[in-house]
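As a plain string of letters, each chain reads:
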Amino acid sequence: TVSVLYWEGGGKMDLKIGIDRPEEPPMRELIAPTAINYLKAEARSVVFGGLDGVATSLALVWSGLGTGGRVTGHTLFVMGVAGLVSQGFSMGMGNYLGASAENSATSAVKSGIVMFISFFCFGFIPLLSCLPSVSWGSDQQHLLLLVTTAFSLFLLGSLRAALTKQRTEIIIKATRSKDVL
């Protein structure tokens, strides 16, 4: 939905951009309804695990960039994957132990697995910035790290919105002057 209102005399211009969500998210066609319902119930674990995974990878790669080239991109990638597995396991176990106090054991195991998978998958995306043959420590490497991190956070936010059925809307308000446009 896009609407623009303005007056010829230099009045106010309002621009509203919104994304209307369909009744059923498109993901329902790709994944069985039971999996969607389970992920909705575990939305907290998905978001919490994914956000921690992204932050962990960002910190690791950014600190590697700060060594002045003493650590290669390949080394950081291997260290990052090892860190994601070990820390993801720790996060999953913590989520399992917390959930087991409140839910059944089966539900707690599933909750821990969702946390681990989310941590690893979303944390893996920023690690991809270590693989290209960009000279390590260069400005392009910093930019690539920021772009992959932003992309991972965008995917995580989109998944959260789809799971919680939150409507995405952007509202921009601007004042139109005679010199502009």
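Scoring rules and cut-offs
- Residues numbered from 1 in each chain as written.
- Predicted model: local features only at pLDDT ≥ 70, side-chain atom pairs only at ≥ 80, totals over all residues.
- Heavy atoms only, no water.
- Helix = DSSP H or I, 4+ residues; strand = E, 2+ residues; numbered from the N terminus.
- Buried < 20%, exposed > 50% of the residue type's maximum accessible area, 1.4 Å probe, protein only.
- Contact = heavy atoms within 4.5 Å.
- Areas by Shrake-Rupley, 256 points an atom, 1.4 Å probe, with all protein chains shown as cover.
- 1 Å grid on protein atoms, 1.4 Å probe; cavity = no way out; pocket = protein on both sides within 12 Å on 5 of 7 lines; lining within 4 Å.
- Points joined across faces, edges and corners; volume = space filled by probe spheres on them.
- Nonpolar A, V, L, I, M, F, W, Y, C, P; charged D, E, K, R; others polar.
- Expected span 1.5 Å × (residues − 1).

Participant: Explain the overall build of the protein to me, please; I cannot follow it from the model alone.
Facilitator: Within the protein, the secondary structure is distributed over six helices and three strands. Its helices and strands in sequence order give the protein the pattern β-β-α-α-α-α-α-α-β, from N to C terminus. For the protein, buried positions account for 30% of its 181 residues. For the protein, the share of sequence-separated contacts (at least 6 apart) that also reach a separation of at least 24 residues comes to 73%. When the accessible surface of the protein is split by element, carbon and sulfur atoms take 65% of a total near 11,100 Å².

Participant: How do you make sense of the layout of surface pockets when you look at a structure like this?
Facilitator: Empty pockets left among the atoms are what a rolling probe the size of a water molecule brings to light. There is about 160 Å³ of room inside the largest pocket. Taken together, Ala-41, Glu-42, Arg-44, Ser-45, Asn-95, Gly-98, Ala-99, Glu-102, Asn-103 and Ser-111 make up the full set of residues lining the largest pocket. Secondary structure elements with two or more residues in the lining of the largest pocket: helix 3 (43-65) and helix 4 (73-100). Counting residues per element, the lining of the largest pocket draws most heavily on helix 4, at three residues. Looking at the lining of the largest pocket residue by residue, the class counts come to two nonpolar, five polar and three charged.

Participant: Just checking my understanding: could you explain helix 4 for this structure?
Facilitator: Within an α-helix, residues lying three or four positions from one another point in the same direction, as the helix has 3.6 residues per turn. With 28 residues, helix 4 should reach 40 Å at 1.5 Å per residue; the first-to-last C-alpha distance of 39 Å fits that figure. Among all positions of helix 4, only Gly-73, Leu-76, Phe-77, Gly-80, Gly-83, Leu-84, Gly-88, Met-91, Gly-92, Asn-95 and Ala-99 are buried. Its buried side turned inward, helix 4 meets helix 3 and helix 5 (105-127).

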